[in-house]
Amino acid sequence: MNIFRKLFNFFQAKANTMIDNQYELEDAIKEQLNRLKEELSYTTEHLNKVKALAIRVKNDNDEYAAKAKKSENEAVAILKKVQLNQIDVYEGDRLAREALIKKEALLAKMKATTAERDKLDYKVELLKGNVAVIESNISDWEKELDTLKAEIKIIEAEQNINKQMIHLDAQSIYNRLKFLKEKTQEFQDIKAQPDNYINLDDAIDFTLDDSVSKANEELKKLKEQLGIKNSN
């Protein structure tokens, strides 16, 4: 039985190695998933901050544009009053000039915020793309993990089956060897017996055999019919 035990230990060690490797791979996938989820959390948080900043810059940009338009309207209104002689020309020019200067300053701010808003909008789209990629990677790794877990279950099931088969095969071969050994011994015992040896059990079986008894009866009847005396 030692050889069967060695075979069993060999296959057991091989199966255990496969399981260990699968578990190591499972741990590696889980670790990768944790890193991706941390990255997703950080990227999503950063995206939300950039979105909020982009909204604020857009609101500022819209406000500068509205105020610039208002300053321009004020300058036009002042000049109309000058035309109607409601304001002195020099005073009107001064006030209109100040309104237009304010307008230009607001337009400059609007231009700067427009550039900033475009950068933020671009960054928002970039971060959205990064989030989508990370989410896709997480989905792929989770599917890979599910597949791996299913493979582990299959390997474990195969391992149990192999254990049973190895045990059954070993026991079956052992029983066959035992049977052959017994038959070989019986043969050796018969060879060792003398030629005139009669097994007592065989003799008893022979005398009790129905066919022998019937044959003796038939022989007696035939002799009587032929007038032959039966010998004692």
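Keep in mind it's a predicted model, so treat the numbers as computed, not measured.

### Remarks on the overall build of the protein chain
Then, number 1: Counting its regular elements, the protein chain contains four helices and zero strands.
Then, number 2: When the helices and strands of the protein chain are placed in sequence order, the string is α-α-α-α.
Then, number 3: Here the protein chain, with 232 residues, has 18% of them falling under the buried criterion.
Then, number 4: Partitioning the contacts of the protein chain with sequence separation of at least 6, the portion at a separation of at least 24 is 85%.

### Looking at the pattern of salt bridges
Then, number 1: The final tally for this structure, using the stated rule, is nine salt bridges.
Then, number 2: In this structure, the salt-bridge partner of K103 is E72, at a minimum N-O distance of 3.2 Å. Here the residue K103 occupies a position in helix α2 (residues 89-192), and E72 occupies one in helix α1 (residues 2-83), the gap between them amounting to 31 residues.
Then, number 3: Linking R94 and E91 is a salt bridge whose minimum nitrogen-to-oxygen distance equals 2.4 Å. Taken together, the residues R94 and E91, both in helix α2 and three residues apart, mark about one turn of the helix.

### Observations concerning the environment of E26
Then, number 1: By the secondary structure assignment, E26 is in helix α1.
Then, number 2: Accessibility expressed as a relative area gives 9% for E26, which makes it buried.
Then, number 3: Separated by 122 residues in sequence, E26 and L148 place their C-alpha atoms 6.9 Å apart.
Then, number 4: Leave out the neighbours within four places in its chain, and E26 touches L145, L148, K149 and I152.

### Digging into unusual backbone geometry
Then, number 1: You will see that N85, though not glycine, has its phi angle at about 60 degrees, which is positive.
Then, number 2: Looking at the element boundaries, N85 is found in the loop between α1 and α2.
Then, number 3: Judged by its relative accessible area of 69%, N85 falls in the exposed class.

### Re the environment of V124
Then, number 1: Along the chain, the position of V124 falls in helix α2.
Then, number 2: Residues within four places of V124 in sequence aside, it is in contact with L47, V50, K51 and A54.

### Considerations on the side chain of S71
Then, number 1: Residue position: S71 is located in helix α1.
Then, number 2: Contact partners of S71, with chain neighbours within four places excluded, come to A99, K102, K103 and L106.

### Quick notes on the environment of S139
Then, number 1: The topology assignment puts S139 in helix α2.
Then, number 2: Once the C-alpha coordinates of S139 and L33 are considered, the two residues, 106 residues apart in sequence, prove to be 9.3 Å apart.

### As for the side chain of K103
Then, number 1: Taking relative accessible area as the criterion, K103 reaches 15% and is therefore assigned buried.
Then, number 2: Every residue in contact with K103, bar those within four places of it in the chain, is listed here: A68, S71 and E72.

### Looking at the confidence of the model for the protein chain
Then, number 1: Chain-level pLDDT for the protein chain is 75 on average; 59% of the residues reach the 70-or-more range.
Then, number 2: Every residue in residues 196-208 is under pLDDT 50, and counting partners more than four places away or in other chains gives three contacts.

The rules behind each value
Residues numbered from 1 in each chain as written. Predicted model: local features only at pLDDT ≥ 70, side-chain atom pairs only at ≥ 80, totals over all residues. Heavy atoms only, no water. Helix = DSSP H or I, 4+ residues; strand = E, 2+ residues; numbered from the N terminus. Buried < 20%, exposed > 50% of the residue type's maximum accessible area, 1.4 Å probe, protein only. Contact = heavy atoms within 4.5 Å. Salt bridge = Lys/Arg side-chain N within 4 Å of Asp/Glu carboxyl O. pLDDT = per-residue confidence, 0-100.

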